[in-house]
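Fold and contact review
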Amino acid sequence: MFPDFLIIDFDSTFISKESLDELAYYTLQKSKVDISVIEEIQKITDAGMNGEITFHESIDSRLHLMKANKSDVIEVSNRLKDYITPSFLRNKDFIQEHNKKIYFISGGFREMLLPVLNNFGISNNHIFGNEFIYDSDNNIVCLLYTSPSPRDQRGSGMPAY
């Protein structure tokens, strides 16, 4: 028997990577920055996951170290399809069959989740995450936190960065 609802996390669960780290790696590699910046981003990710800094501090700090834009987000989002964990790949038919009862809640970014999850039949209104806000040149200028975070109570829906 299937439960009324199934809620799944995206980063390091549905996919084997952290999507924001993949965005950082891609943008920093593209701009050929020193490897120490990539290592610093990984340290910030680890500190956030270990509860040493808040979720929002972790995201804000990482985004300040990279200069990502909308085309970078699109490119990395499409690459994330290559990192779907084997157990979810094996159960793709099951997920598609029960997609009306499956929700994804992520501290990641909807734009990066949608291309992967739509491929599994998950509708946009079942995918919850934060959002990037872009300037007129399509550079990420701030974030809209729309996904709940257990470690930081700055407030949902508050732009930051």
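This text goes with the structure placed above it.
A brief look at the structure comes next. Once a new chain begins, its residue numbering starts again from 1 and follows that chain's sequence as written. Since the coordinates come from a predicted model, pLDDT governs what is reported: local features require at least 70, and pairs of side-chain atoms require 80 or more to be given and counted, while whole-chain, interface and lining totals use all residues. Side-chain measures here rest on the full set of heavy atoms in the structure, leaving out hydrogens and waters.

**Topic: the pairing of strand S4 (residues 140-144)**
The criterion for strand pairing is that DSSP finds at least two bridges linking the strands in question. A helix here means a DSSP run of H or I that spans at least four residues, while a strand means a run of E at least two residues long, and both kinds are numbered starting from the N terminus. Note: strand S3 (residues 127-134) against S4, 4 bridges, orientation antiparallel. The partner of Tyr134 across the bridge, within S4, is Ile140.

**Some points on the side chain of Ser19**
With respect to the helices and strands, the residue Ser19 is situated in helix H2 (residues 19-30). In this structure the side chain of Ser19 is engaged in a polar contact, spanning 2.9 Å, whose partner is the side chain of Asp11. Working rule for contacts: check all heavy atoms of both residues, and any pair within 4.5 Å makes them a contact. With residues near it in sequence (within four places) discarded, Ser19 still touches Asp11, Val76, Leu80 and Met112. Pairs of N or O atoms within 3.5 Å make up the polar contacts considered here, provided that, within protein, one atom can donate a hydrogen while the other can accept it, and that residues adjacent in sequence are counted only when both atoms are side-chain atoms.

**A closer look at a nonpolar patch on the surface**
A cluster of nonpolar residues, Ile7, Ile105 and Phe128, forms a patch on the protein surface that exposes about 270 Å² of accessible area. Tracing the backbone through its elements, the reader meets Phe128 in strand S3. Classification of Phe128 as partly exposed rests on a relative accessible area of 38%. In this analysis, a patch consists of residues with relative accessible area above 30% that form no salt bridge, clustered at 9 Å for like charges and at 5 Å for the nonpolar side chains Val, Leu, Ile, Met, Phe, Trp and Tyr. Note on areas: Shrake-Rupley with a 1.4 Å probe; residue coverage comes only from the protein chains shown. In the sections that follow, a salt bridge refers to a side-chain nitrogen of Lys or Arg positioned within 4 Å of a carboxyl oxygen of Asp or Glu. Exposed residues in this analysis have more than 50% of their type's maximum accessible area, buried residues have under 20%, and partly exposed residues fall in between, with area computed by a 1.4 Å probe over protein chains only.

**Brief notes about the nonpolar core**
Buried residues of nine kinds, namely Ala, Val, Leu, Ile, Met, Phe, Trp, Tyr and Cys, make up a nonpolar core once their side-chain atoms join them within 4.5 Å. In terms of nonpolar packing, the biggest core is built from 38 residues, with Phe14, Leu23, Phe132 and Ile140 touching the most fellow members. If near-sequence neighbours (up to four positions away) are discounted, Leu23 is found in contact with Met66, Ala68, Asp72, Val73, Val76, Met112, Phe132 and Ile140.

**Let's talk about the pairing of S3**
Pairing between strand S2 (residues 102-109) and S3: 3 bridges, direction parallel. Along S3, the bridge assignment pairs Phe104 with Ile127. Crossover handedness is defined by viewing with both strands directed away from the observer: a clockwise path from the first strand over the helix to the second marks the crossover as right-handed. As for the winding sense of the linkage, the β-α-β connection from S2 through helix H8 (residues 110-118) to S3 is right-handed. If you look at the hairpin formed by S3 and S4, you'll find 5 residues sitting between the two strands, and Asn138 has a positive phi there, around 65 degrees.

**A word on unusual backbone geometry**
With a phi angle near 60 degrees, Ser12 is a residue other than glycine that sits in the positive phi range. When you line up the elements, Ser12 lands in helix H1 (residues 10-14). Overall, the relative accessible area of 42% leaves Ser12 in the partly exposed class. Despite not being glycine, Asn138 has its phi angle at roughly 65 degrees, a positive value.

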